Amino acid sequence: MTGDVTNLRQFRKRQARTAKEKHAEQNRLTFGRTKAEKSVTKALNEKTAKTLDHGRLDRAGDDGAPDRNKP
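Description of the structure in this document. (Residues numbered from 1 in each chain as written. Predicted model: local features only at pLDDT ≥ 70, side-chain atom pairs only at ≥ 80, totals over all residues. Heavy atoms only, no water.)

### Re the overall build of the chain
Condition: The helix count covers DSSP runs of H or I at least four residues long, the strand count covers runs of E at least two residues long, and both are numbered beginning at the N terminus. Throughout, exposure labels follow a simple rule: accessible area from a 1.4 Å probe, protein chains only, divided by the maximum for the residue type, with under 20% read as buried, over 50% as exposed, and the rest as partly exposed. Only the protein chains shown count as cover for residues, with accessible areas throughout obtained via the Shrake-Rupley method and a probe of 1.4 Å.
A count of helices and strands for the chain gives two helices and zero strands. Expressed as a percentage of the 71 residues in the chain, the buried residues total 0%. About 7,600 Å² of surface is accessible on the chain, with carbon and sulfur atoms providing 54% of the total.

Right, here's the structure in full:
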């Protein structure tokens, strides 16, 4: 009837490590996007904005008010 001898210090450390890992996993799910995912999103947004700006018409002096000098 001999049981395995367990070192309580090691047991506590192992338990703390698993609790920290569980907490870290929850944080990754809640907040996490990798740096690569963030940079891809940023690049796509910049490309879309640049494409949209290329199609924009710029009119000099057009402030939205009607021109009163034209008949």
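### Quick look at helix 2 (residues 35–54)
For clarity, the cut-off: Here, expected helix span is obtained from the residue count minus one, scaled by 1.5 Å.
Over its 20 residues, helix 2 extends 29 Å from the first C-alpha to the last, a length consistent with the 28 Å expected when each residue adds 1.5 Å. Where burial is concerned, little of helix 2 is hidden: zero out of the 20 residues are buried.

### Regarding a positive patch on the surface
We count it as follows: Patch building starts from residues that exceed 30% relative accessible area and form no salt bridge, then joins like charges within 9 Å and nonpolar side chains (Val, Leu, Ile, Met, Phe, Trp, Tyr) within 5 Å. For salt bridges, the criterion is a side-chain nitrogen of Lys or Arg within 4 Å of an Asp or Glu carboxyl oxygen. When charges are counted, Lys and Arg contribute as positive and Asp and Glu as negative, whereas His and the chain ends are disregarded. Working definition for charges: the position is that of NZ of Lys, CZ of Arg, CG of Asp or CD of Glu.
A contiguous patch of positive charge, built from Arg9, Lys13, Arg14 and Arg17, is present on the exposed surface. By the element assignment, Arg9 lies in helix 1 (residues 8–31).

### Observations concerning the pattern of salt bridges
Taken as a whole, this structure holds two salt bridges when the rule is applied. One salt bridge in this structure joins Glu21 and Arg28, with 2.8 Å as the shortest N-O distance. A salt bridge links Arg28 to Glu25; its shortest N-O distance comes to 2.9 Å. Placement of both Arg28 and Glu25 in helix 1 is noted, with a separation of three residues, approximately one turn of the helix.

### So, the environment of Thr18
We apply this condition: For the purposes of these results, a polar contact is taken to be a pair of N or O atoms within 3.5 Å, where, inside protein, one atom must be able to donate a hydrogen and its partner to accept one; residues adjacent in sequence count only when each atom of the pair is a side-chain atom.
Its place among the elements puts Thr18 in helix 1. A polar contact is formed between the side chain of Thr18 and the backbone oxygen of Gln15, at a distance of 2.8 Å.

### A word on helix 1
Each turn of an α-helix holds 3.6 residues, which means side chains three or four residues apart point in the same direction. A rise of 1.5 Å per residue sets the reference length of helix 1, with its 24 residues, at 34 Å; its end C-alpha atoms lie 34 Å apart and thus fit the reference within 8%. In this structure Asn7 caps helix 1, since a side-chain oxygen of it lies 3.1 Å from the backbone nitrogen of Arg9.

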